[in-house]
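Next come the chains, spelled out residue by residue.
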Amino acid sequence: MKIIKENAELIVPEDVTIPFIEGDGVGSEITAVNRMITDTAVEKAYQGKRRIEWMEVLAGGKAFEQTGNWLPDETLDAFREYLVGIKGPLTTPIGEGIRSLNVALRQTLDLYVCLRPVRWFQGVVSPVKEPQKVNMVIFRENTEDIYAGIEWEQGTPEAAKLLQFLKDEMNVKKIRFENSSSFGVKPVSVEGTERLVRAAIEYALANGLRTVTLVHKGNIMKFTEGGFRKWGYALAEREYAKELADGKLVVNDCIADAFLQNTLLTPEKYSVIATLNLNGDYISDQLAAMVGGIGIAPGANINYMTGHAIFEATHGTAPDIAGRNLANPSSLILSSVMLLEYIGWKEAAEKITAAMEQAFTNGEATNDLARFMPNGKPLGTKEFGDRIARLIT
């Protein structure tokens, strides 16, 4: 049965259909483990009263092999119809086809928030001294900035035409090496900024997190990144004046390079982050490294207005270890935790998180994590999944 959105609320049936993309490379291994763990948690939490019916849809290499299409229309239709889905990592076609399958999904379904929560699990070894202080949720804008993909390559007639326009019509004189330059344009809109910042503020208020930080490079890019800062503050003052006055909400901002430094020095000062696409890419990966690596970093792409959401492993396809039972499924498992939380099945989500924390504390993890643990016990992909399932009570 389908999830629907009604009066700004998700209506989730007890037996819910969730479309999934298996993914390329290690995708088949981690997806199988993730489904098993998620089903186990749902069964333990609800004693058969709730159930997920998994529905496979195709994208990436598997889709191309079977249909000749990297992203079939039927896959997009399924995500549109069923609202909420999950995906493994996907190959990006080289030299032909879609520029990026992940970007295509986000753009087509207007999944304007890339949501990346970052927290430390006890037992996971981190390169920083106090990883327990890192506990942030990043709201990364997902449809504008560099993801718009507006570029002209050096040496092409299009680049020459744009250069001539900039010089003749816009009086631009700051291009140092005119004839060997490629060009790019990054659109940043009022509407795109407002809906992202609104989502970040709503999340903060719903979860008792007081501070929302706007991260930008507005000191240099004054009308795009500076506009993001200005429009974000304006939205907060216009729509959340009471919460600001009551002290329930604090909105501040930080320049991106300073923020990256601050997250290493004083990460405890930050909780909810709202930022543009490129900044969000850097920030998400740095914070993931601070708590043990991207292998345990979950993610989601969400449109809070329509309810559409695709949860995903944040790492790549890792073809060098595919089929060898070495892949870490934690990113996808924790993305399933996010999915369960999103549809309101928090009891099942908490069971998975508790089981993973217990395993990591015991030194039980796949080799990429276990090799750094003083008491590390390396497990294969399947064996790690089986261990988490046994720890779910």
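Quick caveat, the model's predicted, so the values are computed rather than measured.

(A) Main features of the packing of aromatic side chains. The tally for this structure, following the rule as stated, stands at nine aromatic pairs. Seen from their ring centres, F360 and F384 are 6.0 Å apart, and the 20 degrees between their planes marks the pair as stacked. Taken together, the residues span a long stretch of sequence, with F360 in helix α12 (residues 346-361) and F384 in helix α14 (residues 381-391) at a distance of 24 residues. The aromatic ring of Y46 is capped on one face by R50, whose charged end is 4.6 Å from the ring centroid. One residue, R119, lies across the ring of F121, its end atom 3.9 Å from the ring centre.

(B) Quick look at the packing of helix α1 (residues 27-46) against helix α11 (residues 330-342). Remark: α1 packs on α11, axes separated minimally by 9 Å, with the N-to-C direction vectors making an angle of 40 degrees. Comparing their axes, α11 and α1 come out oblique. Handedness of the crossing formed by α1 with α11: right-handed. Seen from α1, the contacting residues are I30, T31, V33, N34, I37, T38 and V42; seen from α11, they are L332, I333, S336 and L340.

(C) Highlighting unusual backbone geometry. Unlike most non-glycine residues, A8 shows phi in positive territory, near 70 degrees. As for its position among the elements, A8 is in the loop between β1 (4-6) and β2 (9-11). Non-glycine residue N325 carries a positive phi angle of around 60 degrees. Relative to the helices and strands, N325 is located in the loop between β14 (309-313) and α11.

(D) Seen up close, the sheet that holds strand β3 (residues 15-21). Spatial ordering of the open sheet is given by β4-β3-β5-β14-β13-β6-β7-β12-β10-β11, a layout of ten strands whose pairing is mixed. Two strands lie at the open edges of the sheet, namely β4 (51-56) and β11 (250-255), each paired on one side alone. Neighbour-to-neighbour, the strand axes of the sheet open up by a mean angle of 25 degrees, direction not taken into account. Both β3 and strand β5 (residues 84-87) contribute to a ladder of two bridges, which runs parallel. Bridged to F20 within β5 is I86. Each of β7 (135-141), β10 (211-216), β11 and β12 (272-275) is contacted by helix α9 (residues 256-265), which is oriented at about 105 degrees to β11, the strand it contacts most. Packed on one face of the sheet, helix α10 (residues 277-290) meets β6 (113-119), β7, β10 and β12 and runs near 155 degrees to β7.

Thresholds, definitions, all that
- All residue numbers refer to position in the chain's written sequence, counted from 1.
- Per-residue local features of the predicted model are confined to residues with pLDDT of at least 70, and side-chain atom pairs are confined, for both listing and counting, to 80 or more; whole-chain, interface and lining totals are unaffected and use all residues.
- As a convention, hydrogens and water are excluded, and side-chain values are obtained from all of the structure's heavy atoms.
- Between rings of Phe, Tyr and Trp, where Trp is taken as its six-membered ring, a pair exists when centres lie within 6.5 Å; planes separated by under 30 degrees are stacked, by over 60 edge-to-face, and by other angles tilted.
- Numbering of helices and strands runs from the N terminus; a helix is a DSSP stretch of H or I covering at least four residues, while a strand is a stretch of E covering at least two.
- Any Lys NZ or Arg CZ that is within 6 Å of a ring centre and within 35 degrees of that ring's normal is treated as a charge sitting over the ring.
- Axis angles are defined between N-to-C directions and span 0 to 180 degrees, where every axis is a line fitted to C-alpha atoms and, for a helix, only to the segment in contact.
- Orientation categories follow fixed angle ranges, with anything under 35 degrees roughly parallel, anything over 145 roughly antiparallel, 65 to 115 roughly perpendicular, and all other angles oblique.
- By definition, turning the near helix anticlockwise from the far helix through less than a right angle yields a left-handed crossing, and turning it clockwise yields a right-handed one.
- Residues count as neighbours in contact if any of their non-hydrogen atoms are within 4.5 Å of one another.
- Between any two strands, pairing holds if DSSP finds at least two bridges.

Interpretation in functional terms is not warranted from these geometric data alone.
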